[in-house]
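Given next are the chains, with one letter for each unit.
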Amino acid sequence: MISLLENMIRIPSPSRQEGEVGQFLLDLLKQKGYHVTAQPVTKDRFNVLALTDDTPIVLLNSHMDTVLPFCEYSKTEEKIFGRGACDAKGQIVAMVEAGDRLRSKGIQNFGLLFVVGEELDSDGAKMAARLDLESRYVIIGEPTENKLVAGQKGTIVFRIQASGKGGHSCNPDNGDSAIHRLVQYMTQWLETDWGVDPVFGASTLNFGKISGGSGMNVIAPAASVEGIFRVSTSVNDIKNIINTIKTEKIRIEYLSESEPLHLYTVEGFEKSIVSFGTDASYLRPLGKILLYGPGSIDVAHCDDEYIRKSDLECGVQDLENIVGKLIKETSI
C-alpha cells in the first residue's frame, strides 16, 4: 500500500493534467482483475471506473487531480509526504487496498470510481453522474481524520468588480479609485454577520485573490476580488444579505454555488461536520453520499502535505466495515 502511494505521488497530476495518473490506475486495476472503463471527460482526461462481476451496491470514489505546486515524495517512519498524500491519492490507495481485502472475503458488490477535476470545477464528477449504474451508496474519500461526515457546508464562489476613473495620483479629485471603492465594499462584507446554523455553525467568508491598478502613482480605473463563502444556512440567505449592502459601481458575479448537505452515516463511527467542498452534490444521482477518509484537511494543499501510515491502515479497515454495513443494510 505504501509503495503504491509512493508511485502515485511521483506522478504529477494537477487539475487538467490527470491523463498519466489515470492510465496508471487503469493498468493497475486491470491487473487486479477488475472490469475497467475509461470514461472520457475532455481531451486526454478521463474518469476510471472499475467493477467486479457483481452489481455495485457501493461505489468507492475519490479524485485523481491535485493542486499546484507539485511536492516531491518523501517519508519518515510515521508519515508519507508529497502532493496528494492525503488529498486525495492517499484516499485512492486506501480504497484500492480495501477493495483487495473485500474481494478476498468474497464481497464483490462494490466498485471503484476515480474522477478528474475535483479541485477546479468538478467536471469529472458531473460526467460520472451520467453513468448507468444501479449503485445505492457512494463513499467519497477526502481527508476527514477517519471520521464519517454528517454534514458538509455549502459554497458560493464569487467575483466582485469595482469600476472607477483613472488619473494621476497627485490629484485625487480628478479620478475615482476603483481600488478604494473595492476596499470599502470588502470592509462592509468583513464586518457582516452571515448567519449561524445550529448544526453547521457559522457561515464564513474568504477573499482569496485580489487584482487591480497599474502603478503606485496611478488612480486605478478597475479592481476585482475573488473569494468564497462556506455556507451554513442557505445560498439565498447569503445573497439576501448581500442585496442589503449597497454601493455604486460594484458588480457581483456568482461563479458557482452549492447548498449545505446532510450526508448519510452508519452507526459505530465518530461523526463530524466539515467546511470544505467535495464532489458530493454532483454524485448524488449515483446513490446516497457518505464522506470519509484518513488524513487531515489542515495539511491538504500545504507544502508539507502528509498522511500518517497508521491513519491509512485505519482507513482501510474502516472502509471494509462501512462497505459491509451498507451491503448488509441493502439486503435486509
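Just so we're clear, the structure is a prediction, and the values are computed from it rather than from any experiment.

Q: Looking at this structure, how should I read the nonpolar core?
A: Of all hydrophobic cores here, the largest spans 55 residues; its most connected members are Leu-29, Leu-112, Phe-114, Ile-139 and Ile-322. Those residues in contact with Ile-322, other than ones at most four positions away along the chain, are Ile-139, Leu-148, Val-266, Phe-269, Leu-290 and Tyr-292. The next biggest cluster of nonpolar side chains, apart from the first, holds 20 residues, and it includes Met-186, Trp-189, Val-231 and Ile-242.

Q: Which parts of the structure should I look at to understand the sheet that holds strand β15 (residues 222-231)?
A: Across a sheet, paired strands are connected by hydrogen bonds in the backbone, their directions being either parallel or antiparallel. Spatially, the four strands line up as an open sheet ordered β13-β15-β9-β16, and their pairing is antiparallel. The open sheet has two free edges, formed respectively by β13 (204-212) and β16 (250-258), since each of these has just one partner strand. Neighbour to neighbour, the strand axes of the sheet diverge by 15° on average, direction disregarded. Note that strand β9 (residues 154-163) and β16 share eight bridges and pair antiparallel.

Q: Sorry if this is basic, but what is going on with the sheet that holds strand β20 (residues 306-308) here?
A: Pairing is antiparallel in the open sheet, where three strands are placed in the order β4-β5-β20. Across the chains shown, the open sheet's two edge strands, defined by having one partner strand only, are β4 (74-75) and β20. Pairing analysis gives three bridges linking strand β5 (residues 79-81) to β20, with the strands arranged antiparallel. Following the sheet pairing, Lys-79 is matched in β20 by Arg-308. Running over the sheet, helix α8 (residues 309-331) touches β4, β5 and β20 and is turned about 65° from β20.

About the criteria used
- Residues numbered from 1 in each chain as written.
- Predicted model: local features only at pLDDT ≥ 70, side-chain atom pairs only at ≥ 80, totals over all residues.
- Heavy atoms only, no water.
- Core = buried A, V, L, I, M, F, W, Y, C linked by side-chain atoms within 4.5 Å.
- Buried < 20%, exposed > 50% of the residue type's maximum accessible area, 1.4 Å probe, protein only.
- Contact = heavy atoms within 4.5 Å.
- Pairing = 2+ DSSP bridges.
- Helix = DSSP H or I, 4+ residues; strand = E, 2+ residues; numbered from the N terminus.
- Axes fitted to C-alpha atoms, helices over the stretch in contact; angles between N-to-C directions.

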